[in-house]
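# Residue-level structure breakdown
Take a look at the letters that make up each chain.
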Amino acid sequence: MNLFDYIRDVPDFPKPGIMFKDITPLLSNPQAFQHAVQQLAAPFLDPLPDVIAAAEARGFLFAAPLALAMQRPLVPLRKPGKLPYSTHSLKYDLEYGSAELHMHVDAVKPGDKVLLIDDVLATGGTMRAAIELIRNAGGEILACGFLMELAFLKGKQLLDGIPSHSVLVVD
Ligand code: AMP
């Protein structure tokens, strides 16, 4: 099964010049979705992480089935104002302006080995922020996993040498 067949390229979304990788065709095909989740999990089965974390929103779609398959806790990293309990937070710069990620204070314990998941690795800015947020809480990043990596954007350079695996790579 070629998973690229289930990714739709949408030009100029959300703004001119961006080729958006639309994963909804993959989500709409249970066989392809299951295959993608299996491929995403495969490199991280031994040793298993203590915790799986993902930034909203599309990262949740892959981290949730992975957490069930691995029988590990799932930690959502969210935008401001979404999490109801006390949070750790981290502000980070975007191309234009800034953004902020939050995580519940009891989500990651010091020493936890965390697997970070997202659908797409683009510039790496979001993952970099997630790494710092978890490290600030005492967590250790075991690895990062992506459904798709846009290698030409060199996002891996922001991952600080952390092992990463992408199911699909676009050069
Ligand atoms: P990044 O530039 O790596 O911080 O990407 C930010 C977030 O936007 C990632 O979590 C991706 O889900 C999403 N993203 C960035 N570029 C694309 C793209 N071309 N297609 C789909 N999603 C994208």
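Data block above holds the structure.
Being a predicted model, the structure only gives us computed values, none of them experimental.

The subject of this paragraph is the pattern of salt bridges. Within this structure, the stated rule accounts for seven salt bridges. Here Asp-9 makes a salt bridge to Lys-21, at a shortest N to O gap of 2.8 Å. Placement of the pair is Asp-9 in strand S1 (residues 8–11) and Lys-21 in strand S2 (residues 19–22), with a sequence separation of twelve residues. Residue Asp-9 is classed as partly exposed on the basis of its relative accessible area of 41%. Its relative accessible area of 12% is what places Lys-21 among the buried residues. Note that Glu-132 is salt-bridged to Arg-128, the shortest N-O span being 3.1 Å. Here Glu-132 pairs with Arg-128, and both are found in helix H4 (residues 125–136), just four residues apart, close to one helical turn. Glu-132 sits in the partly exposed class, given a relative accessible area of 31%. On the basis of relative accessibility, which here comes to 22%, the residue Arg-128 falls in the partly exposed class.

Next up on the list: the packing of aromatic side chains. Applying the stated criterion across every chain yields a total of two aromatic pairs. Ring centres 5.2 Å apart and planes at 85° place the aromatic pair Phe-13 and Phe-20 in the edge-to-face group. Since its relative accessible area comes to 44%, Phe-13 is described here as partly exposed. Pairing Phe-33 with Phe-62 gives two aromatic rings, centres 5.8 Å apart and planes at 90°, and the pair type is edge-to-face. With a gap of 29 residues between them, Phe-33 in helix H2 (residues 30–41) and Phe-62 in helix H3 (residues 58–70) connect regions that are remote in the sequence. By relative accessible area, Phe-62 is classed as buried at 0%.

What counts and what doesn't
- Position numbers for residues count from 1 along each chain, tracking the sequence in the order it is written.
- A pLDDT threshold of at least 70 governs which residues receive local features in this predicted model, and a stricter bar of 80 or more applies before side-chain atom pairs are shown or counted, although totals over entire chains, interfaces and linings include all residues.
- Excluded from the side-chain calculation are hydrogens and water; included are all heavy atoms of the structure.
- Here, a salt bridge means any Lys or Arg side-chain nitrogen found within 4 Å of an Asp or Glu carboxyl oxygen.
- Helical segments are the DSSP runs of H or I of at least four residues, strand segments are the runs of E of at least two, and each set is numbered from the N terminus.
- The rule is simple: take the accessible area with a 1.4 Å probe, protein chains only, and divide by the maximum for that residue type; under 20% is buried, over 50% is exposed, in between is partly exposed.
- Only centres within 6.5 Å qualify two rings of Phe, Tyr or Trp (six-membered ring in Trp) as a pair; their planes then separate them into stacked at under 30 degrees, edge-to-face at over 60, and tilted for everything else.

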